[in-house]
Amino acid sequence: MSGIRLVAQPARRSARFRRTLFGAGIGIAIAAIAVTVWAGHAGKPARAKDVMLLYVGAEDCAPCRAWQNGEGAAFLASAEFPRITYREVKSPHLLDVLKDENWPDEIRSYRDGLRRSDGVPLWLVVADHKIVEQRFGATEWRTNVLPAIKSLLR
């Protein structure tokens, strides 16, 4: 009889050991999933603000054409471009930049802060529907507008 007990005890211990091992395995699996999920989010930046770049220019504006064909084209091909909303207001003539027919209804409210004395090319950087940067002139793109966009996308 004692031989049977000796056989039964290791069987019970073995079953307890398997249950403990199974429980530990579940715990390890849950921890591994949590680490994987956390690591996946840690490598990604937090959701950027809703960023829009509004470009205002004219067909008969030489600096506007130069920006569009140079730095503007480079920006459209950049890694930042797909992460923003891009809108253009291009009038046929420089003197008509502020006319209603050149401004779609959904962005016309941004025109309210512009003055006739503001030059083109002109950029408005809008974050969460608020203008955070408003600049005009080719050098302003490099020194203020592009850095503002990159900062918002961090």
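Higher on the page you've got the structure.
Quick look at the structure, then. What you see is a predicted model, and the numbers here were worked out from it, not measured in a lab. (Residues numbered from 1 in each chain as written. Predicted model: local features only at pLDDT ≥ 70, side-chain atom pairs only at ≥ 80, totals over all residues. Heavy atoms only, no water.)

## A word on the overall build of the protein chain
The helix and strand tally for the protein chain stands at four helices and four strands. Starting at the N terminus, the α and β elements of the protein chain follow one another as α-β-α-α-β-β-β-α. Burial analysis of the protein chain (154 residues in total) assigns 31% to the buried set. When contacts within the protein chain are restricted to residue pairs at least 6 apart in sequence, those whose partners lie at least 24 apart make up 54%. (Helix = DSSP H or I, 4+ residues; strand = E, 2+ residues; numbered from the N terminus. Buried < 20%, exposed > 50% of the residue type's maximum accessible area, 1.4 Å probe, protein only. Contact = heavy atoms within 4.5 Å.)

## Some details on helix 4 (residues 138-152)
Given 3.6 residues per helical turn, the α-helix brings residues three or four places apart onto the same face. Compared with the 21 Å implied by 1.5 Å per residue over 15 residues, the 21 Å span of helix 4 between its first and last C-alpha is a close match. Where helix 4 bends most, at Val145, the angle is about 30 degrees, and the proline Pro147 comes one to four residues later. Residues Glu140, Trp141, Val145, Leu146, Ala148, Ile149 and Leu152 constitute the buried set of helix 4. Packed against the buried residues of helix 4 are strand 1 (51-58), helix 2 (62-69), helix 3 (71-76), strand 3 (122-127) and strand 4 (130-136). (Expected span 1.5 Å × (residues − 1). Bend = angle between axes of the 7 residues up to and from the residue.)

## Notes on unusual backbone geometry
Omega for the peptide link from Val120 to Pro121 comes to 0 degrees, which places this bond in the cis form. Take Pro121: it is sitting in the loop between strand 2 (85-91) and strand 3. Look at Asp128: it is not a glycine, yet its phi comes out positive at around 50 degrees. Within the fold, Asp128 resides in the loop between strand 3 and strand 4. Of the residues examined, Asp128 reaches a relative accessible area of 37% and is grouped as partly exposed. A positive phi angle, close to 70 degrees, is found at His129, a residue other than glycine. Here His129 shows up in the loop between strand 3 and strand 4.

## Description of the sheet that holds strand 3
Pairing in this open sheet of four strands is mixed, and the strands run 2-1-3-4 from one edge to the other. The open sheet terminates on both sides in strands that have one partner only, identified here as strand 2 and strand 4. Neighbouring strand axes in the sheet, compared pairwise and without regard to direction, differ in orientation by 15 degrees on average. Both strand 3 and strand 4 contribute to a ladder of six bridges, which runs antiparallel. Along strand 4, the bridge assignment pairs Ala127 with Lys130. Relative to strand 1, helix 2 is tilted by about 135 degrees, and along the sheet it contacts strand 1, strand 2 and strand 3. (Pairing = 2+ DSSP bridges. Axes fitted to C-alpha atoms, helices over the stretch in contact; angles between N-to-C directions.)

## Some words on the nonpolar core
Within the largest apolar cluster, 32 residues are counted, with the highest numbers of intra-cluster contacts made by Leu53, Leu54, Val56, Trp141 and Ile149. Among the elements of the structure, strand 1, helix 2, strand 2, strand 3 and helix 4 are those that each provide at least two residues to this core. Among the elements that make up this core, the one with the highest residue count is strand 1 (seven residues). (Core = buried A, V, L, I, M, F, W, Y, C linked by side-chain atoms within 4.5 Å.)

## A closer look at the pairing of strand 1
For strand 1, the tally of buried residues reaches eight of eight residues, placing the bulk of the element in the interior. Neither face of strand 1 is left uncovered, since the one carrying Val51, Leu53, Tyr55 and Gly57 and the one carrying Met52, Leu54, Val56 and Ala58 both have all their residues buried. Where strand 1 meets strand 3, six bridges bridge the pair, whose relative direction is antiparallel. By the bridge assignment, Val51 is partnered in strand 3 with Ala127.

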